[in-house]
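# Descriptive analysis of the structure
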Amino acid sequence: MLAQLTSATGKEVRQLCREQQWTGPTPGLALGYVQANLVIVPQSWAFDFLLFCQRNPRACPLLEVTDPGSPEPRSCAPGADLRTDLPRYCIYEHGQLIAEPTDIRDYWRDDLVAFLLGCSFSFERALVRAGIPVRHLECGCNVPMYRTKIACQPAGRLHGPLVVSMRPMKPQQVLQAVRICELYSFAHGPPVHFGDPEGIGIRDLGKPDYGDAVPIYPGEVPVFWACGVTPQAVVTESRPELVITHKPGHMFVTDLQEGDLLSWREVAR
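Here's a quick rundown of the structure. What you are looking at is a predicted structure, and each value in this text was computed from that prediction instead of being measured.

Here strand β7 (residues 161-169) lies mainly inside the structure; 9 of its 9 residues are buried. The pairing of strand β6 (residues 145-151) with β7 spans 4 bridges and is antiparallel. Looking across to β7, one finds that Arg147 is bridged to Val163. Pairing of β7 with strand β9 (residues 221-226), which is carried by 6 bridges, proceeds in the antiparallel orientation. Its bridge partner lying in β9, Arg167 is registered against Val223.

Dropping the structure here:
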């Protein structure tokens, strides 16, 4: 099924998730469609989170905010249902992860506001086309993600560390990756760090905080991007009463085409 889903539409992937026929990670699915991180908070926390996104745009590039109580992302995927259309979710109560369901209708409330944030999976096809390896796609696993010692800009009651995703490549490929990803500001943009992981507080690349470890071959360096799992690290620090997110790597696939959101610099080329 995985090979078939590379050419699927966003709507087709969402339907499989709704029917619980796909409950795994989404890298490599519906190529060309924008994938999104999901964060759902009570309306009493919504302004704080909106401000957090504004102050931390590399980690939280905002794609859409729903009306309170509405599970439909009307701009990114009209007719979709954020309660059912992701492979798997994380439920946090007071900062503690309590469940990872495939459907959140039992947790839904009329005061909940959903935020969709851009995802680095959206630029991976461009990297592959340029001959830059995307190791977790090669390995058929989830991308490795790590908490760092870099503090996000706090906003209201929200504070916590930046989370990064990692893709290894040769040093001579890093500049090309930067140039490509600069066009994808909606998907975290260019890397925030490459080389020594301890420089950003990562002690062991073989033990990611989220996702799966991937091999780094001789002559390669780890390259790190800001990651939309950052809000989940912030949740554990800030302890809101209830937060619902996607399970790391298990994204919401929108109807948006990647080309529709590219930086104006792409048009100038």
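This paragraph deals with unusual backbone geometry. Most peptide bonds take the trans form, and the phi angle of most residues other than glycine is negative. Phi at Ala30 takes a positive value of approximately 45 degrees, unusual for a residue other than glycine. When you line up the elements, Ala30 lands in the loop between α2 (10-18) and β1 (33-42). The exposure class assigned to Ala30 is buried, which follows from its relative accessible area of 1%. Unusually for a residue other than glycine, His188 sits at a positive phi of about 85 degrees. Along the polypeptide, His188 turns up in the loop between α6 (171-181) and β8 (193-194).

Let us now look at the packing of aromatic side chains. Counted by the stated rule, this structure contains 6 aromatic pairs. Both rings, one in Phe49 and one in Phe52, keep their centres 6.2 Å apart while their planes meet at 20 degrees; by these two values the pair is stacked. Here the residue Phe49 and the residue Phe52 both occupy positions in helix α3 (residues 43-55), the gap between them amounting to 3 residues, near one helical turn. For Phe49, a relative accessible area of 4% puts it in the buried group. Seen in terms of ring centroids, Phe49 and Phe115 are 4.8 Å apart; in terms of plane orientation they differ by 75 degrees. Their pairing is edge-to-face. Of this pair, Phe49 sits in helix α3 while Phe115 is found in strand β5 (residues 112-118), placing the two residues 66 residues apart along the sequence. For the pair Phe49 and Phe115, one class covers both residues: buried.

The next subject is the environment of Lys247. The residue Lys247 is located in the loop between β10 (243-246) and β11 (252-257) in this model. Sequence separation of Lys247 and Val229 is 18 residues, and the distance between their C-alpha atoms is 8.7 Å. Other than its neighbours up to four places away in sequence, Lys247 contacts Arg88, Tyr89, Cys90 and Glu100.

Conventions used here
- Residues numbered from 1 in each chain as written.
- Predicted model: local features only at pLDDT ≥ 70, side-chain atom pairs only at ≥ 80, totals over all residues.
- Heavy atoms only, no water.
- Buried < 20%, exposed > 50% of the residue type's maximum accessible area, 1.4 Å probe, protein only.
- Helix = DSSP H or I, 4+ residues; strand = E, 2+ residues; numbered from the N terminus.
- Pairing = 2+ DSSP bridges.
- Phe/Tyr/Trp six-rings, centres within 6.5 Å; stacked < 30°, edge-to-face > 60°.
- Contact = heavy atoms within 4.5 Å.

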